[in-house]
Each structure stands twice: as C-alpha cells, then as structure tokens.
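# Descriptive structure summary
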Amino acid sequence: MTPPERPSGSARPASSSEDPQQTLPVGTRRPGATGAVRRFRFTVLEGPEPGFFRESSADTYSLGSHALNDLVIEEPTVSRFHCEVKVDRDGARVRDLDSRNGTILDGVHVREAFLRGGSVLRLGRVSVRFDFSPESNRLLISERPVFGDLVGTSVVARVSFALMERAAASDATVLLEGETGTGKSRAALAIHRASARAAGPFLTLDCGAIPANLLESELFGHEKGAFTGALQRRVGAFEEADGGTIFLDEIGELPAELQPKLLRVLEEGEIRRLGSNTYQPVNVRVIAATNRDLRAEVNGGRFRSDLFFRLAVVRILIPSLRERPEDIALITERILASLGATPAQVESLSAPDFVAQLQRAAWPGNVRELRNHLERCLVFQDAMPPSSEDVGAAPGVAPTAIDPKLPYAEARRRALESFEREYLDGLLALHQGKVAVAAAAADMDRVYLYRLLRRHGLKV
C-alpha cells in the first residue's frame, strides 16, 4: 500500500538514499534467493500529523527525531534515536535506545519487548500504533557463505555479507556494529581487500587503547616542537593510510574534543597536524567499529549526531554467535584449520555431540572466545565441554556475576540471556523435554516457548 500524500509537517520518513538500512537484505537460506520478511506499519495516533502511516521496507525500523530514522518525528519529547523495531522468525521486538523519556508499550515502560498487531507505542507526547501488513518484503541475501575470513550459511551471516559486498564496491564510510569478538576487524580487512583500494595500505587504530592526550597525534601527526617531547615531525595514521583504508576500532571511545576533527576529515578530506596552521588533503577510506549502540550514545550527548550521520553511511551489524548457532560447525572447522589441528583432532572436535555442546553455549566473547576454547581443547588433547559460564549456569548453580564495567544495557541483556537459557534448560529437564507440558506448567503459550527454544539454539 502506498502511503497517502502527506501535508507539510514534522513526521516524515527518511530518504532511502540516506539510510542504508533501507536496503538491508534478509531472506532465506538458499544461495542467491530473495527472502521474505513480514512487513509492518506504524500509524501516528497522537502527535504531528495524526493518521500518517509508513510501512517497513526492511527487517529493522527506527523511530526518532534524527534524520537517519525510518520514521522521523520532530517533536521535543522524542529522542533523536528513540527506539527500534526488528522483525525476525520469532516475531517483532521493540528496543528502547536509552531514550530521554523511555518507550511505553501498551501502557508499560519497556526496555525490550515483543509487539503484537495493534500495539501502541508512546514516545514522549507522541503515540503510534503498530500493525502487521498482509504483504512481505522481498529482500536479497548474499550468494556466498564466505566473505574474506568470515564464514556462515545462516541468514543473519549472509545478510551482513551482502552489505559488505556492496560496501566493498563503493568508497563510502562504513560503520561496523556488534558485540566484542564477533569479527569486526576481520570484516573491515575483508572489505578493504575486496575494494578498489586493496593495493593501498590498511591501518588499524584502536581508539580505546590509546590515552586521549596521545590519540590526536596518533591520528593526525604533529610538527616538531608542537608539545614537550615532540623532537621531530611525526606522520599520523591518516597520512600513513593515504590511498588506502583506515580502520578506527572502538570509535565510541573517541574523546569529545576529537570528534569534530574526525568529522572534518570525513567531510573535507583533509587533516592538520598538531602544531601546524595549514590543512593538507588525504585520500583515505574510513571504516569504523563499535560494540556500543552509537544511537544511544548520541541520545546521551556522548557522541556527536553529525559525526554519527557521517560514519553511518553504511551500517553493518555483525551478528553474535547466539544469533547463528547453525554456523558454529563451519566456524569450528575454519578455526581448527587455522590452528593446525591434526586430522584426528579435527574429527574429535567436529563430532556431532561436541558441536551440539558448542551450539548450546552462550559465548559472550563470541568467535574469539570459541577460538580460545578450541585452542585449549587442542592443548589438553580433549574435547572439553564449554564451561558453565559459557553455557549458562545449570539449575541450582549460582549465576555468572554481573560485570559492572559493562554498559548498563549490555550487562542487562547478558543477564536476561543467561536467565532465559537457564530457565528453559531447567524447564525442559523437569518435564522430560515435552514442550506442550512444559509450556502449560510455565503458563506460557506453546508457540512462544518454541520461539524461545529456537532463539537459544535448544533442541527438543
């Protein structure tokens, strides 16, 4: 259905040319096939332009006052990035993006929750209704189960591969998002090697590992005498990467005082060394990565919205292992080959029972943690099961301690993941794997229980 002609006003959809998520490919597991995701719409009930509606064109949909949102609502009580809806095989879920006034679903404040047809979201003084549409969105996934060093046959993996392929064919700035250990640095290198800049340098700079007072010099260089100890001119990373690609890891850690300087590089293509009065041009492609949600950082005033706009020309989410347990066998095979495992070791660590144990683990450190575990198995020459911290505490065992060093949203998400897995494991064990009986005992809809089991890779 085509949205009605809209009068001049505040609520407007973002242009598809501005938002790469408009072309986010989601689909089936068949190579080269277009897949289907259920379409949905939001209708404004209260606020700017009541009655205006906008349908989804991808599997994710964001609402807020910033121009990068799918539904832009220019209202003072709506945060720049207020909330996001994602639809997958489990249904549609809304997630608050650390908004100023919170997200209220059917009268209840939520951080993350499932939506049903007819649900009403309140964002500040604005309310919108969510409805499923009878149509589906036909979207494309990658034809290949590999991109650079990254492998996967799951839908979510090949969704990211498709975006990487398109990013490699352009010179656009890329923002890689995902949890720690998902392979963002490998994705950046793969994009560089598949691009027209492959013959140029590829430089990595970790914005979270360098003291703030030294980071500017690392990025842009300095002149002799620019500060105490500057005994000679130093070329910065942007000059070194001229003609190639610079990978800025942990971009969310970039100090506030350096953000406008990076913005100038992205907009003007020029840098100024510390101690210099002149700018000089650089020809560099920027790929940035973060394990934070920069939209929440923008809402909190910790990250410039205009810098986010320039970094997020192409946003690519690297999925966690929990989202693609079916890929673990293939990833394990690739890791064992890189570690030089013998044929006997490969056979032992690729056995179906052992792989099933790996698939049931939570892997908060993702592929990096899986690699470390497999390396331990090779050292001790034993197919050791994942630790209780990986799998989730067994019934009767104290849960993993909360890590206060993590951002609140990430710590909460991990705690919920651990609780769900522990509860589901115990529930199925109590009822001998009988899902119908377990659902009745838990006062839970059986279909919803099946969705939870699939999400956590639990087989019955």
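So, here's what we can say about the structure.

What counts, and at which threshold
Residues numbered from 1 in each chain as written. Predicted model: local features only at pLDDT ≥ 70, side-chain atom pairs only at ≥ 80, totals over all residues. Heavy atoms only, no water. Core = buried A, V, L, I, M, F, W, Y, C linked by side-chain atoms within 4.5 Å. Buried < 20%, exposed > 50% of the residue type's maximum accessible area, 1.4 Å probe, protein only. Helix = DSSP H or I, 4+ residues; strand = E, 2+ residues; numbered from the N terminus. Pairing = 2+ DSSP bridges. Polar contact = N/O pair within 3.5 Å; in protein donor to acceptor, adjacent residues only side chain to side chain. Contact = heavy atoms within 4.5 Å. Phe/Tyr/Trp six-rings, centres within 6.5 Å; stacked < 30°, edge-to-face > 60°. Lys NZ or Arg CZ within 6 Å of the ring centre and 35° of its normal. Axes fitted to C-alpha atoms, helices over the stretch in contact; angles between N-to-C directions.

This next bit is on the nonpolar core. L219, F238, L248, I251, L254 and F308 are the most contacted members of the largest nonpolar core, which totals 34 residues. Going through the elements one at a time, β16 (202-206), α3 (212-220), α4 (237-240), β17 (245-249), α5 (259-268), β20 (285-290), α6 (294-299) and α7 (305-311) are the ones with two or more residues in this core. The biggest single contributor to this core is α5, with four residues. The next biggest cluster of nonpolar side chains, apart from the first, holds 23 residues, and it includes Y61, C83, A92 and L123.

Phi at E250 is positive, roughly 50°, even though this residue is not glycine. When its relative accessible area of 18% is taken as the criterion, E250 is described as buried. Look at Q381: it is not a glycine, yet its phi comes out positive at around 50°. With respect to the secondary-structure elements, Q381 resides in the loop between α11 (366-380) and α12 (388-391). We classify Q381 as exposed; its relative accessible area is 68%.

It is worth spelling out the pairing of strand β11 (residues 120-123) at this point. Side-chain positions along a regular strand alternate between the two faces of the sheet. A one-sided burial pattern is seen for β11, the buried positions being L121 and L123 and the unburied ones V120 and R122. Note: strand β8 (residues 103-105) against β11, three bridges, orientation antiparallel. Bridge pairing in β11 links T103 to L123.

Before going further, it helps to spend a moment on the side chain of N366. Topologically, N366 is positioned in helix α11. The buried category is assigned to N366, whose relative accessible area is 1%. One polar contact links N366 to E179, side chain to side chain, over a distance of 3.2 Å. Not counting residues within four places of it along the chain, the set of residues in contact with N366 comprises E179, T180, G181, T182, S320 and L321.

Here the focus is the environment of G148. Among the structural elements, G148 can be located in the loop between β13 (146-147) and β14 (150-151). Note: C-alpha distance between G148 and L189 (41 residues apart in sequence) is 7.9 Å. Those residues in contact with G148, other than ones at most four positions away along the chain, are A190 and R334.

Moving on to the environment of K86. Residue position: K86 is located in strand β6 (residues 83-88). Non-local contacts of K86, meaning those with residues more than four positions away in its chain, are made with D59, T60, G91, A92 and R93. Of note is the side chain of K86, whose polar atom sits 2.7 Å from the side chain of D59.

Each aromatic ring pair is characterised by the separation of its centres together with the angle its planes make. Following the criterion strictly, the structure yields ten aromatic pairs and no others. Put simply, the rings of F40, F42, Y61, F130 and F132 pair up and form one aromatic cluster. If you follow R38 out to its NZ or CZ, it ends over the ring of F132, 4.1 Å from the centre.

Spatially, β16-β17-β20-β15-β21 is the arrangement adopted by the five strands of the open sheet, whose pairing is parallel. The open sheet has two free edges, formed respectively by β16 and β21 (314-317), since each of these has just one partner strand. Looking at each pair of strands side by side, their axes are set apart by 20° on average, direction ignored. Pairing between β16 and β17: five bridges, direction parallel. Bridge pairing in β17 places D206 opposite D249.

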